[in-house]
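Below, each chain spelled out in residue letters.
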Amino acid sequence: MALAQSIDACITFAAGILALYYGWRPVPAGPKHLEWIAWKESWGRLSRIAGISLIATSLLQILSKAF
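Basis of the calculations
Residues numbered from 1 in each chain as written. Predicted model: local features only at pLDDT ≥ 70, side-chain atom pairs only at ≥ 80, totals over all residues. Heavy atoms only, no water. Helix = DSSP H or I, 4+ residues; strand = E, 2+ residues; numbered from the N terminus. Rg over C-alpha atoms; globule rule 2.2 N^0.38 Å. Buried < 20%, exposed > 50% of the residue type's maximum accessible area, 1.4 Å probe, protein only. Contact = heavy atoms within 4.5 Å. Areas by Shrake-Rupley, 256 points an atom, 1.4 Å probe, with all protein chains shown as cover. Expected span 1.5 Å × (residues − 1).

Asker: Explain the overall build of the chain to me, and be specific about the residues and the numbers.
Answerer: When helices and strands are tallied, the chain shows two helices and zero strands. The C-alpha atoms of the chain give a radius of gyration of 15 Å, which is well past the 11 Å a tight globule of 67 residues would have. Over its C-alpha atoms, taken along the principal directions, the chain stretches across nearly 50 × 15 × 15 Å. For the chain, the residues scored as buried account for 18% of the 67 residues in total. For the chain, the share of sequence-separated contacts (at least 6 apart) that also reach a separation of at least 24 residues comes to 68%. If you sum the accessible surface of the chain, you get close to 5100 Å²; carbon and sulfur atoms cover 73% of it.

This is the structure:
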């Protein structure tokens, strides 16, 4: 049971890192430049907030198992 919870916390942490990456990454140059700008304007802030929340949740899960 503890192993499954640890794996769940690691997956949540990885999802948080990925959300932060997409929230903070610069807009790439290329043919879909305007689509990326539109996506970042509508979803960038939510992605950053969700990433921080997921990382905090996973760290709390990991620390609650340690103590």
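Structure shown, so let's carry the discussion forward.
Asker: Explain helix α1 (residues 2-24) to me, and be specific about the residues and the numbers.
Answerer: For α1, built from 23 residues, the straight-helix expectation of 33 Å at 1.5 Å per residue is met to within 8% by its first-to-last C-alpha distance of 33 Å. Inspection of α1 places Ala9, Thr12, Gly16, Ala19, Leu20 and Gly23 among the buried residues, and these make up the whole buried set.

Asker: Tell me about the environment of glycine 16, residues and numbers included.
Answerer: Note on placement: glycine 16 falls in helix α1. Taking relative accessible area as the criterion, glycine 16 reaches 0% and is therefore assigned buried. Glycine 16 sits 42 residues away from serine 58 along the chain, and the two C-alpha atoms are 8.7 Å apart.

Asker: Hey, could you go over the environment of isoleucine 62 for me, with residue numbers and the actual values?
Answerer: In this structure, isoleucine 62 sits in helix α2 (residues 33-66). For isoleucine 62, a relative accessible area of 37% corresponds to the partly exposed category. Residues isoleucine 62 and lysine 40 lie 22 residues apart in sequence; the distance between their C-alpha atoms is 31 Å.

By themselves, these are just geometric observations and shouldn't be taken as functional.
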